[in-house]
Amino acid sequence: MAQRAVWLVRHEPGTPLCGSVKFSRRYPTVEKRAKIFNGESYVPVPEDGPFLKAILFELRLLGDDKDFVECRDSCSRINKTSIYGLRIGGEELWPVVAFLRNGLVYASVPLVEQTLSPRPPLISISGVSQGLELLFGIQDFLSSVQKNDTELNAKLSQLPDLLLQACPFGTLLDTNLQNVLDNNNFASATQPQKQPAWKTGTYKGKPQVSISITEKVKSMQYDKQDIADTWQVVGTVTCKCDLEGVMPNVTISLGLPTNGSPLQDILVHPCVTSLDSAILTSSSIDVVDDSAFSGPYKFPFTPPSDSFNLCYYTSQVPVPPILGFYQMKEEDAQLKITVNLKLHESVKNNFEFCEAHLPFYNRGPITHLEYKVSFGQLEVYREKSLLIWIIGQKFPKSMEISLSGTVTFGAKSHDKQPFDQICIGGTAYVKLHFRILDFTLTGCYADQHSVQVFASGKPKIST
């Protein structure tokens, strides 16, 4: 779980090279490991000049990018990720993590701890996700000054020292570079004792550990026999540890209720020191059976100074939280709509907010509306051709609500009304937005009594 090299490249259209390398960093010790792990498939990290030309070519940022190039633009090379293979000196450097933001190309080469022939699946290369985290951290650090060259250059000059602390020897320990800089400035003025290179400040005050779990539901319901409904829960565990001492150790355990859906696709923060192999191998690609690992999920770590995301996970719960039905019939310039929603009995009926959006694309403004709603209220945005059904904070006791009505549209204006290439004719959708506090759909929880803290003082645990 390390990076072989990191680059920042500025895209400069109109110049001879179409860009310049603003920052680069190589890790020789990681490069030696890559040579051992990759064996005959090893490709060395190039110098800045060849890398600049190769990455701009791959991202279609050179002046001749209007021409079709077979090795880059063929249908077999359709790229849906930020992972690329760069042709350099007759060899291909892979994987290269890269993306363009505000005229800067952020790129890194993660270490692959196995042979590259045949190519291993990306999900098995932990350095890819760490490379993205590192590049996003650098982007956040630079984002406030990218329009000012003087301030940008000043921040670029700070990167070598910051990466010594945030990513020593190519291993990512902290993605918040601004926090590293602030702690470094604080430590240089007030901290006489020697600190680890990646953690230059220590906390003084009442010890406390805060843990929060946030889950987002992604669901598509078609109400058709030939198209299967899909849904998935994506969770994030966020921690903030205010603990005294140079290297405090914390262990947090996540639990599930009896017969709860196992957590899958777990990605952890670089500060996690060890994991049960069953946690890392649980994947949503595999068929879930009774033998699937269902916890407890223990995460031992040495926490960064600031708030951080301890881990991410997915889970395939048995049913969506809200079941929906949407029917739309077109008659002349009118649409007859019917929407039925049902809250599942296992879901906590206490929302911070809950509303359904009904957009109507490729039509004129709403000129007339007749409707009947069994619960909540309906808001009409005529010029946007949008209906918003505000359900509120609770479903009724029946857990079922409905909306029906007739919508009339005026003359269509392409400049003002929303346009969509897919939502044509009878193709439309209802989008639900809701939030429930103190509730997880998977039942995942952090037991405050199982949190272990190895530091001075007894901390306050809040979950």
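Residues numbered from 1 in each chain as written. Predicted model: local features only at pLDDT ≥ 70, side-chain atom pairs only at ≥ 80, totals over all residues. Heavy atoms only, no water.

K.L.:
Could you give an account of the environment of glutamate 383, with specific residues and numbers?
P.N.:
Of note, glutamate 383 is situated in the loop between strand E16 (377–381) and strand E17 (386–390). Relative accessible area serves as the criterion here: at 47%, glutamate 383 is assigned to the partly exposed category. In this structure the C-alpha to C-alpha distance between glutamate 383 and isoleucine 366, which are 17 residues apart in sequence, comes to 6.8 Å. (Helix = DSSP H or I, 4+ residues; strand = E, 2+ residues; numbered from the N terminus. Buried < 20%, exposed > 50% of the residue type's maximum accessible area, 1.4 Å probe, protein only.)

K.L.:
Help me get a handle on the nonpolar core, residues and values and all.
P.N.:
The biggest cluster of nonpolar side chains holds 35 residues, and the ones touching the most others in it are Leu8, Tyr106, Ile138, Leu142 and Leu159. Every element with two or more residues in this core is listed here: strand E1 (3–11), helix H1 (28–38), strand E4 (91–101), strand E5 (104–110), helix H4 (126–143), helix H5 (149–166) and helix H6 (177–190). Ignoring any residue separated from it by four or fewer positions in sequence, one finds leucine 159 in contact with Leu8, Phe23, Ile138, Phe141 and Leu177. The next biggest cluster of nonpolar side chains, apart from the first, holds 26 residues, and it includes Cys239, Leu243, Phe301 and Cys444. (Core = buried A, V, L, I, M, F, W, Y, C linked by side-chain atoms within 4.5 Å. Contact = heavy atoms within 4.5 Å.)

K.L.:
So what's going on with the packing of H4 against H5? Residues and values would help.
P.N.:
Where H4 meets H5, the closest approach of the two axes is 10 Å, and the angle between their N-to-C directions is 140°. It follows that H4 is oblique to H5 by the angle criterion. As H4 packs across H5, the resulting crossing turns out to be right-handed. In contact with Leu134, Ile138, Phe141 and Leu142 of H4, H5 contributes Leu152, Lys155, Leu156, Gln158, Leu159, Leu162 and Leu163. A breakdown of the residues in the contact of H4 with H5 according to their chemical character gives nine nonpolar, one polar and one charged. (Axes fitted to C-alpha atoms, helices over the stretch in contact; angles between N-to-C directions. Parallel < 35°, antiparallel > 145°, perpendicular 65-115°, else oblique. Left-handed = near helix turned anticlockwise from the far one by under 90°. Nonpolar A, V, L, I, M, F, W, Y, C, P; charged D, E, K, R; others polar.)

K.L.:
Could you give an account of unusual backbone geometry, with specific residues and numbers?
P.N.:
Going from tryptophan 94 to proline 95, the amide bond is cis rather than trans, its omega being -5°. With respect to the helices and strands, proline 95 occurs in strand E4. Looking along the chain, the bond that leaves serine 117 and enters proline 118 is cis, with omega of 0°. Structurally, proline 118 can be placed in the loop between E5 and H4. Of note in this structure, phenylalanine 169 is not a glycine but carries a positive phi near 55°. Looking at where phenylalanine 169 falls in the secondary structure, it is placed in the loop between H5 and H6. For phenylalanine 169, a relative accessible area of 64% gives the class exposed. A positive phi is found at aspartate 223, a non-glycine position, where the angle reads about 55°. Mapped onto the fold, aspartate 223 is located in the loop between strand E6 (208–220) and strand E7 (230–242).

K.L.:
A description of the pairing of E4 should follow, citing residues and the corresponding values.
P.N.:
Across five bridges, the pairing between strand E3 (residues 83–88) and E4 is antiparallel. Looking at the pairing, isoleucine 83 lines up with valine 97 of E4. In textbook terms, the turn of a hairpin is the stretch between consecutive antiparallel strands, and for E3 and E4 this stretch comprises two residues, one of which, glycine 89, has a positive phi near 60°. In textbook terms, the turn of a hairpin is the stretch between consecutive antiparallel strands, and for E4 and E5 this stretch comprises two residues, one of which, asparagine 102, has a positive phi near 50°. (Pairing = 2+ DSSP bridges.)

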